[in-house]
Amino acid sequence: MEQPSEIAKPVSSGAVAKQGYDLKASQGLTGGNCSGTGSAPIIAPMKLDQVGSIQPYGLMVGGHVTPVDHQYYTGPDPRALRDTYDVLVPVDGTIVSIQHRGDKTNTPLHSVDVPSSDEYRLVIAHSCSFLVYVDLVTSLDDSLKAKLPAGWSPQTIGNGSLNIPVKQGEVIGHIGGQTLDFAVWDLTKAPLPGLLSRASYDSAEPWKVFTVAPSNYFADSIKAQVLAKYVRTVEPIDGKIDYDQDGKLIGNWFQVGTNGYEGGKSKGVPAYYASHIAIAPNFIDPSVLVVSLGSYSKSGDAEQFGIKGNAPDPATINVASGLVKYELVQQEIDNPDGTVWQGATSQGVKIVNRSQVKGVVLFQLLEDRKLKMEVFPDKTAAQVSGFDGQAVFFDRGDGAKEPVSNTAT
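Each chain has its residues counted from 1, following the order in which its sequence is written. Reporting of local features is limited, given that this is a predicted model, to residues whose pLDDT is at least 70; pairs of side-chain atoms are given and counted only at 80 or more, and all residues count toward the totals for whole chains, interfaces and linings. No hydrogens and no water enter the side-chain calculation; it runs on all heavy atoms of the structure.

**Q** Teacher, can you tell me more about the state of the cysteines here?
**A** Disulfide: a covalent bond connecting the sulfur atoms of a pair of cysteines. Note on disulfides: each one is a pair of cysteine sulfur atoms within 2.5 Å. A full pass over the atoms with the stated rule returns 1 disulfide. Covalent S-S linkage joins C34 and C128, the inter-sulfur distance amounting to 2.1 Å. Sign of the S-S torsion, about 100° for the bond between C34 and C128, identifies this disulfide as right-handed. Residue C34 is found in the loop between α2 (23-30) and β1 (53-55), and its partner C128 is found in the loop between β5 (117-125) and β6 (130-137); the two are separated by 94 residues along the sequence. Starting at the N terminus, helices and strands are each numbered in turn, a helix being any DSSP run of H or I of at least four residues and a strand any DSSP run of E of at least two.

**Q** Looking at this model, I keep getting lost on the sheet that holds strand β7 (residues 139-140). Mind explaining?
**A** Picture the strands of a sheet paired through backbone hydrogen bonds; they go either parallel or antiparallel. Pairing between strands is defined by DSSP: at least two bridges between the two strands are required. Taken in spatial order, the 3 strands of this open sheet run β3-β9-β7, and their pairing is antiparallel. At either end of the open sheet lies a strand with only one pairing partner, and these are β3 (85-88) and β7. Note: β3 against strand β9 (residues 171-175), 4 bridges, orientation antiparallel. Note that in β9 the partner of L88 across the bridge is V171.

**Q** Can you walk me through the packing of aromatic side chains in this structure?
**A** A ring pair, where both rings are aromatic, is described by two values, the distance of the centres and the angle of the planes. Any pair of Phe, Tyr and Trp rings, taking the six-membered ring for Trp, is counted once the centres come within 6.5 Å. Such a pair is stacked with planes under 30 degrees apart, edge-to-face with planes over 60 apart, and tilted for the rest. Enumeration according to the criterion identifies 11 aromatic pairs in this entry. Plain terms: the ring middles of F254 and Y261 are 6.3 Å apart, the flat faces sit at 75° to each other, and that makes the pair edge-to-face. You can call F254 buried: its relative accessible area is 0%. Classification of residues uses two cut-offs on accessible area relative to the type maximum, computed with a 1.4 Å probe and protein chains only: under 20% is buried, over 50% is exposed, and between them is partly exposed. Y261 gets classed as buried once you look at its relative accessible area, which sits at 5%. Here the aromatic rings of Y261 and Y272 are separated by 5.7 Å at their centres, their planes lie at 50°, and the arrangement is tilted. Pair noted here: Y261 is in the loop between β12 (251-255) and β13 (276-281) and Y272 is in the loop between β12 and β13, with a separation of 11 residues, a long-range link. Of the residues examined, Y272 reaches a relative accessible area of 14% and is grouped as buried. Cluster of aromatic residues (ring-pair linked, three or more members): Y201, F254, Y261, Y272 and Y273. A ring is scored as having a charge over it whenever the NZ atom of a lysine or the CZ atom of an arginine sits within 6 Å of its centre and within 35 degrees of its normal. Positioned over the ring face of Y243 is K240, at 5.4 Å from the centre of the ring.

**Q** When you look at the sheet that holds strand β16 (residues 324-334) in this model, what are you seeing that I'm missing?
**A** Spatially, β12-β13-β14-β15-β16-β17-β18-β19 is the arrangement adopted by the 8 strands of the closed barrel, whose pairing is antiparallel. Averaged over all pairs of adjacent strands, the angle between their axes in this sheet comes to 35°, without regard to strand direction. Pairing analysis gives 8 bridges linking strand β17 (residues 350-367) to strand β18 (residues 370-377), with the strands arranged antiparallel. When the sheet's bridge partners are listed, Q364 is paired in β18 with K372. Axis geometry follows a simple rule: fit a line to the C-alpha atoms, using only the stretch in contact for helices, then measure angles between N-to-C directions, giving values from 0 to 180 degrees.

**Q** Please clarify how unusual backbone geometry should be interpreted in this entry.
**A** Leave glycine aside and you will find that most residues have negative phi; peptide bonds, for their part, are mostly trans. Residue P236 is reached from E235 by a cis peptide bond, and omega for that bond is -5°. Within the element layout of this structure, P236 appears in the loop between α5 (220-227) and β12. A cis amide bond, omega 0°, links A311 with the succeeding residue P312. Relative to the elements of secondary structure, P312 occurs in the loop between β15 (303-307) and β16. Phi at D83 is positive, roughly 70°, even though this residue is not glycine.

This is the structure we're talking about:
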């Protein structure tokens, strides 16, 4: 196994480029409980005979309004009880953080409630520049509990940095009845170019811009077996989360004045995502478009839709395009036989747009990074002629100012 190639030493921010990785991000993510730089071959975070499918980066669903920055590992039985499957250490390193997610009662698909249990998010640093994480772990393994600080409990472990050495392949927890989140961060890489305003993410999820494709790091001995579980079959095979193009409609947008991705987090607003929208390709089939809205219905729920006719392409929409009208339709993932996919297998799934129009959304780029939007639930295109005064303004999270009046049409 490759070892960290050099010892990391504190340096000034002006020396970050010379250091070869983003030191500020590293210190924030590891709490300084790391050494060296460089990556190493990884394994999957679950035993492969306990994996039914692996969903790619980029899903937009519910409160995940912008494309998600983690993959989803699903067991062969999506309805399995909690703690059915093992969670493994993907790479030698140090557990630098365990975040207790709180108690949660899981309701498996089309089944009855099962007993509640804790949920955890664990971050493992192989070096100061290369980290992985797993989330929604339903219990910590006893062997890991034995390494935790004296007197720990799910309520006291907190979100602070730890320093617990672990070896690749160790069982650190368990999962069942839901998916396991997994992602890889490489701080030697340039921030993702399709997230136009890094500052928009730094205050809430600073790791997001360093998310990289796991398949580039899988050990050769297991890579083919892991990829056989992948649901996505087109490149980039791991999925994609960064779709922003300057001056184009495609990508992530944030309501003006809401501090970008953070939304209302700093103000204690749980639905931080209510001020998010995204117009981007589907995470499994990028030929199919998705409109993802943080607040759609009268109840303010986040919802995702396909586009009737799957056009026009948001990557072609600019300021000169004027008003753009999309009719919204239900979108689902189906098995080859037309039944709704539940995640147990990875073969032959397809994205289907239904025909019934559920509503309309209007978009107009006023400037390269300033967008006007209004939604019309339960309307068709023929019933919507233009903005009616309830429009909302968005930017890329980089401080665009809302126009004084709603004069753009």
